[in-house]
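Residue strings, one per chain:
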Amino acid sequence: MPRSQPPTQTSPNPWTSDSAFLIYISAATVLIHMLVGTRYGFHRDELAILEDARHLAWGYVSYPPVTPFFGRLALLLFGTSLLGFRFVAAMVQAVAVFLTGLMSRELGGRREAQILSAFAAVPFCLGAGALMQYTSFDYVCWVLAAYFVVRLLRSDDPRWFLAIGAAIGFGMMSKYTMAFFACGIAGGTILANARKYLLTKWLWFGVAISLVIFLPNFLWQLHHDFVSLDFLRFLHERDVSAGLTKDFLPDQLEQTLLAFPLWVTGLCFYLFTDKGSRFRTLGWMYIIPLLLFIIAKGRGYYLAPAYPMLYAAGAVVFEEAFATWRDSWRSFLRPLVWITLIISIIGAMVVALPIAPVGSLWWYKAVEIDSALPDEIGWVELVSTIANVRDGLPATQQHQLGILAENYGEVGAINLLGPLHGLPKAISGVNSSWERGYGDPPPQTMIIVGFPEQFVSEYFESCHLAAHTWNSYGIDNEESFERPDIYVCGQPKLGWPEFWRTFQYFAQLDLYLTPSSGEVVQCQSAAFNIHSIAPRLAPLFPFA
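About the criteria used
- Residues numbered from 1 in each chain as written.
- Predicted model: local features only at pLDDT ≥ 70, side-chain atom pairs only at ≥ 80, totals over all residues.
- Heavy atoms only, no water.
- Axes fitted to C-alpha atoms, helices over the stretch in contact; angles between N-to-C directions.
- Helix = DSSP H or I, 4+ residues; strand = E, 2+ residues; numbered from the N terminus.
- Parallel < 35°, antiparallel > 145°, perpendicular 65-115°, else oblique.
- Left-handed = near helix turned anticlockwise from the far one by under 90°.
- Contact = heavy atoms within 4.5 Å.
- Nonpolar A, V, L, I, M, F, W, Y, C, P; charged D, E, K, R; others polar.
- Salt bridge = Lys/Arg side-chain N within 4 Å of Asp/Glu carboxyl O.
- Buried < 20%, exposed > 50% of the residue type's maximum accessible area, 1.4 Å probe, protein only.

1. Observations concerning the packing of helix α13 (residues 280-296) against helix α14 (residues 307-324)
Step number 1: Between α13 and α14, the least distance of the axes is 10 Å, while the angle of their chain directions is 140°. One finds that α13 runs oblique with respect to α14. Crossing of α13 against α14: the hand is left-handed. Where α13 approaches α14, its residues Leu282, Met285 and Tyr286 are matched on the opposing element by Tyr307, Met309 and Leu310.
Step number 2: Taken together, the residues of the contact of α13 with α14 break down into six nonpolar, no polar and no charged.

2. So, the pattern of salt bridges
Step number 1: One pass over the structure, following the stated rule, counts 23 salt bridges.
Step number 2: With a closest N to O distance of 3.1 Å, Arg86 and Glu376 form a salt bridge. Placement of the pair is Arg86 in helix α4 (residues 82-106) and Glu376 in the loop between α16 (361-369) and α17 (379-391), with a sequence separation of 290 residues.
Step number 3: We note a salt bridge from Arg501 to Glu498, for which the minimum N-O separation is 2.8 Å. Within this pair, Arg501 and its partner Glu498 are both found in helix α22 (residues 496-501), separated by three residues, close to a single helical turn.
Step number 4: Arg501 sits in the partly exposed class, given a relative accessible area of 45%.
Step number 5: A relative accessible area of 32% means that Glu498 is categorised as partly exposed.
Step number 6: Via salt bridges that share partners, Arg44, Asp375, Glu406, Glu478, Glu479 and Arg483 belong to a single interconnected network.

So this is what it looks like as C-alpha cells:
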C-alpha cells in the first residue's frame, strides 16, 4: 500500500493553525485545573505519592517509580504547594488531549475532526488531571504508544517501533496495566495486516528498549521478593470481593459519557471498513485489552486510556459524514454532536473537579459518583489535633516521641504538615513506609493514629484514648468516621525489632471495630497481610 500523508495545516498563520487550536484546548484544561485545584486539599493518594517522592527508589510496594519521580520534580520546582503538585498531572493529561487531536490528523482528519476528538478526550482529562496519581502517567503512555502506532502504520516506517517500545517501557514504569496494552499491540500486529513487521529488526529493537527501561523496576522487584505481586493480588481480591469489577462493561459507557457514539464509530472504522484496514491493528489494540480485562476482572477505568485512539478515528468519520449529509441532516446532527460533547465536559467538571461547596446537595451528589472527594478534607485538622495531644503530654514524654499512623494518607499528611507544629516524622507498617523503619533511637512514647483500641492495648504498653479526629466541615470520611481514635501509648510489648519485623501490611481494605458493639465491620483501606503478626491480629482484622 502506498504511503499516505496527513492533511496539511488549514492556516499558514501559526496562531490559527490546527496545532494551535489543539494547544489552546489542552492549555484550557490546565487553566481549569489551576483555577479550582486548591478548593479542598491533598487527596489521600497524593499524600502517599508525596511521601514516596521524598524517598526516591526504582520501585514501591503499590506502584512503579514514575509517579513519585514526577512528585519529586514537583517538590523541587514548587515546594509543597498543592497547586504546583497537581500542575504536573494537569500538564500530562493536557498532552494526552493534544495527542488525541494529532492522531485524528494522522488518520486523515482536518481541523473539525482534530478538535472533535480533542473535545471527546477532555472529560477524562479533567478527572484524571485533578489529582496527582499514577493514572495520569499511565494514561498518557497508552495514548503516546497509540499515536506512535498510527505513525508507524501511516508511514510504513518500522523505525517507529523504537518510539513504541519507549512508550511501553515508560508505561510499565507508571502502572503495570500497560502490559495489557502491550499485548494488544503485539496481538494487533499479528492479527491485522501488519505481520510483515515481525521480520524487521526495528520491532525487536523496540522490544529491547521497553525491557531496558523497565529493567530497574524489575531488579527492584527481584530484590524485594516481588512484593508488588502480593500487593496487586491482594488489591484484586479486594476489588472482586467488594464488587468493584462487576460493572466493567457498563463502566465503559459511564467513563466515556456522551462521546460513546464517537468511539464506537472509531472502532467500527478500524475493524470493518476498507479505509480503516490500513489501521486495523488499532482496533485489535482495543479488543484484546478489553477481553483480557474482562477475563482478569479488572476495574472499569483500567481501559480508559484506550479510548483516545477510537475518538480520533470516530472524529474523522464524523467529519466526512458532515460533508456528505444533506443540509437538513447536517444542520441538525452536526450541532447535536458538538453540544453532547460540551455537555460531557461540563458534566465532568461538575463531578470530578473540587468545585462543589463542601456539605452542599451538589457536594453529596458528586460524592455518589466520585467517592474520592471526602479524602481531600480534614488533614489540617488531623495534624493539629495530634499536635495538641503532643502539647498535652509531660515534657518527659515529649522527649523521644513517635507517631504511628495506620494508613498512607495519615503518614503523608503528618510528614507534610507536621513540621509546622514541630512534630516528629510519622512511621507506619503500610506499603513502602515499613521499609523506612521506626527510627534510631526508637521512640519511647507513641501517639497512635487510626488503629482500634483492641490493637493498641494488645501490642503497646500503657495506652489511653487522648483525642478523636475531626474536620471543620463535619464530613464523614475514613479519619473522622472509620478510624477517629488517637491514643497515647508506651513502647511495643514485643520490643521494637520484633514488633516491626512482623508489622508490614497493605493499605487497601480496612477492618475496624464499632465502638458500641465491638462487632467487626469491613470498610476501605488497610489489611494486615504479612508475617506472624497476622494470625494474632485475625480476631481484630480478619481477612482472607
